[in-house]
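Single-letter residue listing:
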Amino acid sequence: MDLETAVTYLRTHQTTFLEELGRYLKIPSISTLSQHHSDVLQAAEWLQTSLSKIGLENVQQIETAGNPVVYADWLHAGDDAPTVLIYGHYDVQPVEPLAAWTTPPFEPAVRDGRLYARGVSDNKAQHFSHLKALEAMLQTAGRLPLNVKICFDGEEEVGSPNLAPFVAEHQLLLAADFVVVSDGAMPQSDQPSIDYALRGVVAAEIRVTGPGRDLHSGSFGGSVHNPAQAVAEIVAALHHADGRVAIPGFYDDVDTLSPAERELLQKIPYPLSQWQQETGVEAPWGEPEFTFFERMTARPTCEVNGIWGGFAGEGFKTIIPAEAGAKISMRLVENQDADKIADQFTRFIEQLTPPTVQVAVTVQAGADAAVTPYDSLGIQAAFRAYEDGWGAAPLLSRGGGSLPIVATFQKLLGAPFVLMPFGLDDNRHSPNEHYHLAHLEKGMVTAVYFYHHLATAVTENSVR
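This is a predicted model, so every value here is computed, not measured.

**Q** Teacher, can you tell me more about the nonpolar core here?
**A** Generally speaking, soluble globular proteins have nonpolar side chains that are buried together. Core analysis: the biggest nonpolar cluster contains 82 residues, and Leu56, Leu134, Ile150, Phe450 and Tyr451 have the highest contact counts within it. At eleven residues, helix 15 (residues 437–463) tops the list of elements feeding residues into this core. Here leucine 56 is in contact with Leu51, Ala72, Asp73, Trp74, Leu134, Leu138 and Ile150, once residues within four sequence places are set aside.

Here it is in structure tokens:
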């Protein structure tokens with residue numbers, strides 16, 4: 001296969017690709033909001049049409065209990081060639097606060113070399129890059145160097161509740177030698193990274209109830225335990241003063257980071273100044289014996305995502321609210337079991353709750369962490385691909401976020417994963433989400449080299 005012909009195809013079609021991506025980004029495929037259900041289905045239709053146009057086969061939407069999985073394949077490289085399963089998600093986050101957007105979130109706009117739109121970095125532009133790489137190879141060579149399967153999810157932003165059952169039911173259809181995912185972020189534009197680990201997650205809601213109705217704070221204050229205050233007391237007890245999570249047993253299965261891995265993570269060029277710029281915070285917080293980057297990627301966490309209760313509108317309404325609550329998420333590392341952590345969390349909250357109020361704990365989502373070998377053929381191929389396509393040698397890193405389905409792919413398909421982010425932080429999940437246009441082209445080119453190098457590596461390894 002003439003790689004340079006495929007690369008030239010990509011470089012000379014960037015204007016067309018940007019127009020195509022813009023049409024995809026205009027679809028407000030917000031999976032968490034029921035009023036956008038038809039838009040989510042429209043995004044699935046857009047993908048189905050696009051996959052057919054680039055020459056993939058068996059293109060279809062496969063129904064689940066929720067949004068459909070978009071599947072396609074191209075399986076003509078032969079039995080000796082590896083099979084890669086490409087995963088991405090076509091659903092996006094809500095856009096609030098809308099007033100914080102410089103331009104409307106579903107009207108893609110280019111400013112200062114960046115494309116602004118909700119979902120552009122997370123995850124539409126990143127998996128779009130793989131599709132264009134496949135298109136370039138099929139258009140210029142008429143074939144791919146390996147076998148390819150596509151699995152695009154419409155519920156990632158709500159925890160992919162129906163994808164694990166889908167994978168379990170369709171293991172033969174999805175069987176692959178490697179899973180490749182472009183999601184998350186590299187540390188800097190000129191420093192790509194390959195993530196060999198992702199944290200797991202447990203998400204839960206605490207609901208505290210007290211009086212049978214909102215009470216007049218002048219009449220009953222001082223005699224009723226305020227549910228909003230009780231929530232604050234519970235939340236405050238989740239951490240020790242040094243930042244360690246206070247849930248009993250939380251760290252029982254957490255391995256100590258080896259000196260070799262700590263040295264590996266210290267090579268990531270993510271200085272305090274960059275962290276300060278991205279967070280707007282002066283000083284890091286958390287476990288003092290770990291660097292702030294280790295806390296972000298290699299240590300388990302417990303975070304308060306929101307607290308609610310009582311009156312928060314303009315002016316004052318002097319009440320004791322009848323109920324209050326908090327939403328909590330915990331990021332997990334390898335060896336921690338999501339179900340075990342959920343149980344420990346629930347029991348701890350129940351122990352913390354005073355007898356003057358009632359508590360209900362609802363665990364809404366849980367997934368284990370995922371770790372893959374540093375030296376897999378897939379990661380070796382990704383190294384070479386970044387060098388050739390991005391023009392820089394990548395670093396090995398951990399991803400602080402969660403992609404629950406990656407652990408499921410590992411467990412059910414037995415396939416090692418390759419995480420190849422093409423974006424930066426890019427205001428993912430925030431107003432003014434964007435994506436660097438230079439990354440769009442580099443991601444496509446890097447993907448072409450990846451498929452070539454992976455096919456070559458597997459062939460050479462089998463010969464040996």
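**Q** Just to check I follow, could you spell out unusual backbone geometry for this structure?
**A** Leave glycine aside and you will find that most residues have negative phi; peptide bonds, for their part, are mostly trans. Along the chain, glutamate 96 connects to proline 97 via a cis peptide bond; the corresponding omega equals 0°. With respect to the helices, strands and loops of the structure, proline 97 is situated in the loop between strand 3 (83–89) and strand 4 (109–111). Along the chain, aspartate 122 connects to asparagine 123 via a cis peptide bond; the corresponding omega equals 15°. Here asparagine 123 shows up in helix 4 (residues 120–141). Although it is not a glycine, aspartate 112 sits at a positive phi angle of roughly 55°. Note on placement: aspartate 112 falls in the loop between strand 4 and strand 5 (114–116). You can call aspartate 112 exposed: its relative accessible area is 78%.

**Q** Can you walk me through the sheet that holds strand 9 (residues 200–209) in this structure?
**A** Strand order across the open sheet formed by four strands is 11-13-9-14, with antiparallel pairing between neighbours. Two strands in the sheet have a free side with no partner beyond their single neighbour: strand 11 (301–309) and strand 14 (358–367). Averaged over all pairs of adjacent strands, the angle between strand axes in this sheet comes to 15°, irrespective of strand direction. Pairing of strand 11 with strand 13 (residues 323–332), which is carried by eight bridges, proceeds in the antiparallel orientation. Bridging from a neighbouring strand, cysteine 302 pairs with methionine 330 of strand 13. Across the sheet, helix 12 (residues 338–352) is in contact with strand 9, strand 13 and strand 14; its angle to strand 14 comes to roughly 165°.

So, how was this worked out
- Residues numbered from 1 in each chain as written.
- Predicted model: local features only at pLDDT ≥ 70, side-chain atom pairs only at ≥ 80, totals over all residues.
- Heavy atoms only, no water.
- Core = buried A, V, L, I, M, F, W, Y, C linked by side-chain atoms within 4.5 Å.
- Buried < 20%, exposed > 50% of the residue type's maximum accessible area, 1.4 Å probe, protein only.
- Helix = DSSP H or I, 4+ residues; strand = E, 2+ residues; numbered from the N terminus.
- Contact = heavy atoms within 4.5 Å.
- Pairing = 2+ DSSP bridges.
- Axes fitted to C-alpha atoms, helices over the stretch in contact; angles between N-to-C directions.

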